[in-house]
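# Working through the structure, step by step
So you can see what is in the structure, the chains are spelled out below.
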Amino acid sequence: MTVVLSWPGKRAPQAASALRPTLLETFEPHRFEQSAAPCPSPLANTLYYGDNLPILMHLLDSGLAGQVRLIYADPPYDSGVTWTRKVRLRQPRRNGADPVLLEQAQYTDAWPEGAYLQFIYDRLPLLRSLLAEDGSLWLHCDHRRVHHLRCLLDEVFGAENYLNTITWRSQTARGAKVNAFYFPHSAHAILIYARHRATPTRWNPPRKRIVLTEAEAAAEFMRDERGFFRTSDPGTYAFASLKQLHAEGRLYAPYGGQVVIDEAAQRVYPSNGGNLGVKYYLTKLGNDRYQVERAVDNIWDDIPGLGTTPGEDLGYPTQKTAALLERILTTGSDPGDLVLDPFCGSGTTPAVAARLGRPWLACDANYGAIQTTIRRLYAQSTPFTLYTATPPPQFAAPEIDLSITRIDGASATIEVALHAVRAPTLPAGVDATDERMGQALVDSLAIDPNYDGKHFRATLVDAPHKKRATIVGRYVVTLPALPTTVAVRVMDITGGERIVTKKID
């Protein structure tokens, strides 16, 4: 039985008008190299800025109905919070100080009564239409709305297509949180639904690998001359298979007994009673370390959240870790399968999908999320195309002192050098007065050696992944042909952007 949820102002999902998004940027790091790979399909490896409702309609109108193998959706949670990011200088921590220059609002997660559920409800039919018959939706949420979202998914996808609910330990309670009333909230939920469960759904069961010390292995496993092992019931193994396992030393007889091979009765059994077991040995890694593989169930407590993986932290609120998306994508898709993230946030899904050989589509209505995703894709040299469904917001553009000069008169080679930067929205005391400070104020720098004045096509970028790393500041660029217009785009740590151009004859 499907329970139909009601809320104030509920209406049937309404079809959004499809739109024709505007091309803003292409990142092709090897565009002018002879060995450059062909450009990906315009419908893959694409980032969209804007409300995902008309963007999803655009994808359907572009022929992608039934083409997406996996959708990971991490929408707002109705938390009542305005999420902000802390703006800090890109410089090494000094004497433990890491001053916050300002905080910028990224998105508000507070909704009028009924508006949140309607927001999700409007988008679910479009996501379902995009999924392949053997595809799956992974909807990330928390304790606030998981029960409501389960009802919405049952209604739109069908209760028979519910697969499971993952409980992910996203953090460990610490500080004042340990005293939370009626226990701290330390877990998120991921609801998994199939497009059509009977197909069946694409599924690659994951395994987790655990490394144990010799003492830990001894406390948990049995041991013989070959090493530590666990046992499992032989189940439906045939007589010949059991004989082969015995020849390999992989049968276990309990109570100090022996394995008996009864050829006449075609039977294998332990001499002292009990149940025969098949041995599965731990892998010895050296240095008294052993590795064991275990099945993954729906309690994911082996993947840490961002609080315990600070090296991944890009400063974007609600960022998810790469290990979480790696497990989701490898479980529900294969290399070459198209994946979609309609609320991409910090860009974990496209970044991980690119590394795993999955073409991707991603969108977000927050331009700060788009900037963070672009910088992340720059940092790992992942080609992408950026479209916009709405004009980007106008941040205060940085004032920059930048030179573009020919290295010599005969060659088509230039040097780009950043000398100083001033971010108008920052306190005057942190404005750049030298190159080092200028670099600390820059989040990314991108160079298009053949700019057409509209479509920025970066081929060389400098976007440090670590929060405290700085750009190099000086670059040598070989131009494709002369004459050309070189464009250099600088994005400062507050999100301000400026493009400087120079014609080279």
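Residues numbered from 1 in each chain as written. Predicted model: local features only at pLDDT ≥ 70, side-chain atom pairs only at ≥ 80, totals over all residues. Heavy atoms only, no water.

## Quick word on the overall build of the protein chain
- Scanning the protein chain from terminus to terminus reveals nine helices and 29 strands.
- Its C-alpha atoms give the protein chain principal-axis dimensions of roughly 95 × 60 × 55 Å.
- Split into buried and exposed, the 505 residues of the protein chain put 48% on the buried side.
- For the protein chain, the share of sequence-separated contacts (at least 6 apart) that also reach a separation of at least 24 residues comes to 71%.
- For the protein chain, the exposed area adds up to about 23900 Å²; of that, 51% sits on carbon and sulfur atoms.
- Side chains of the protein chain carry 54 positive and 53 negative charges; the gap between the two charge centres is 2 Å. (Helix = DSSP H or I, 4+ residues; strand = E, 2+ residues; numbered from the N terminus. Buried < 20%, exposed > 50% of the residue type's maximum accessible area, 1.4 Å probe, protein only. Contact = heavy atoms within 4.5 Å. Areas by Shrake-Rupley, 256 points an atom, 1.4 Å probe, with all protein chains shown as cover. Lys, Arg positive; Asp, Glu negative; His and termini not counted. Charge placed at Lys NZ, Arg CZ, Asp CG, Glu CD.)

## Concerning the pattern of salt bridges
- Inspection of every chain in the model, using the stated rule, returns 28 salt bridges.
- Between Glu133 and Arg195 there is a salt bridge; the shortest N-O distance is 3.9 Å. A residue pair is termed long-range when its members are at least 10 positions apart, and Glu133 in strand β6 (residues 131-141) and Arg195 in the loop between β8 (187-194) and β9 (207-213) qualify at 62 residues.
- By relative accessible area, Glu133 is classed as partly exposed at 39%.
- The salt bridge partner of Lys467 is Asp313, with a shortest N-O separation of 3.3 Å. With Lys467 in the loop between β26 (460-462) and β27 (474-478) and Asp313 in the loop between β18 (299-300) and α6 (322-332), the pair connects residues that are 154 residues apart, well separated along the chain.
- For Asp313, a relative accessible area of 22% translates into the label partly exposed.
- Overlapping salt bridges bring together Arg69, Asp134, Arg202, Asp334 and Asp337 as one network. (Salt bridge = Lys/Arg side-chain N within 4 Å of Asp/Glu carboxyl O.)

## Describing the environment of Arg144
- By the element assignment, Arg144 lies in the loop between β6 and α3 (146-157).
- For Arg144, a relative accessible area of 34% gives the class partly exposed.
- In this structure the C-alpha to C-alpha distance between Arg144 and Asp78, which are 66 residues apart in sequence, comes to 7.2 Å.
- With sequence-adjacent residues up to four places away left out, Arg144 is seen in contact with Tyr77, Asp78 and Ser79.
- Of note is the side chain of Arg144, whose polar atom sits 2.2 Å from the side chain of Asp142. (Polar contact = N/O pair within 3.5 Å; in protein donor to acceptor, adjacent residues only side chain to side chain.)

## Quick look at the environment of Gln266
- Topologically, Gln266 is positioned in the loop between β13 (259-262) and β14 (267-270).
- Taking the C-alpha atoms as reference points, Gln266 and Val486, 220 residues apart in sequence, are found 81 Å from one another.

## Structural notes on the layout of surface pockets
- Its volume calculated, the second largest pocket comes out at about 510 Å³.
- Every residue lining the second largest pocket is counted, 24 residues in all, and those nearest its centre are Tyr367, Pro392, Arg489, Glu497 and Ile499.
- Looking at the lining of the second largest pocket, the elements with two or more residues in it are β1 (22-27), α8 (367-379), β28 (484-492) and β29 (497-504).
- With five residues, the top contributor of residues to the lining of the second largest pocket is α8.
- The residue inventory of the lining of the second largest pocket, partitioned by class, reads 13 nonpolar, five polar and six charged. (1 Å grid on protein atoms, 1.4 Å probe; cavity = no way out; pocket = protein on both sides within 12 Å on 5 of 7 lines; lining within 4 Å. Points joined across faces, edges and corners; volume = space filled by probe spheres on them. Nonpolar A, V, L, I, M, F, W, Y, C, P; charged D, E, K, R; others polar.)

## Regarding the sheet that holds β29
- Spatially, the four strands line up as an open sheet ordered β26-β24-β28-β29, and their pairing is antiparallel. Looking at the sheet topology across the chains shown, the edges are occupied by β26 and β29. Mean inter-strand twist for the sheet, computed between neighbouring axes without regard to direction, equals 15 degrees.
- For β28 and β29, the ladder comprises eight bridges, and the chain directions are antiparallel. Bridge pairing in β29 links Arg489 to Ile499. (Pairing = 2+ DSSP bridges. Axes fitted to C-alpha atoms, helices over the stretch in contact; angles between N-to-C directions.)

## Thoughts on empty space enclosed by the protein
- Evaluation of the coordinates by the stated rule reveals one cavity of 30 Å³ or more.
- For the largest cavity, the calculated volume is near 40 Å³.
- What lines the largest cavity is simply Pro75, Ile120, Arg123, Leu124, Leu127, Leu139 and Phe343.
- The biggest single contributor to the lining of the largest cavity is helix α2 (residues 115-130), with four residues.
- Here the lining of the largest cavity is composed, by residue class, of six nonpolar, no polar and one charged.

Scope: geometric values only; no functional claims are made or implied.
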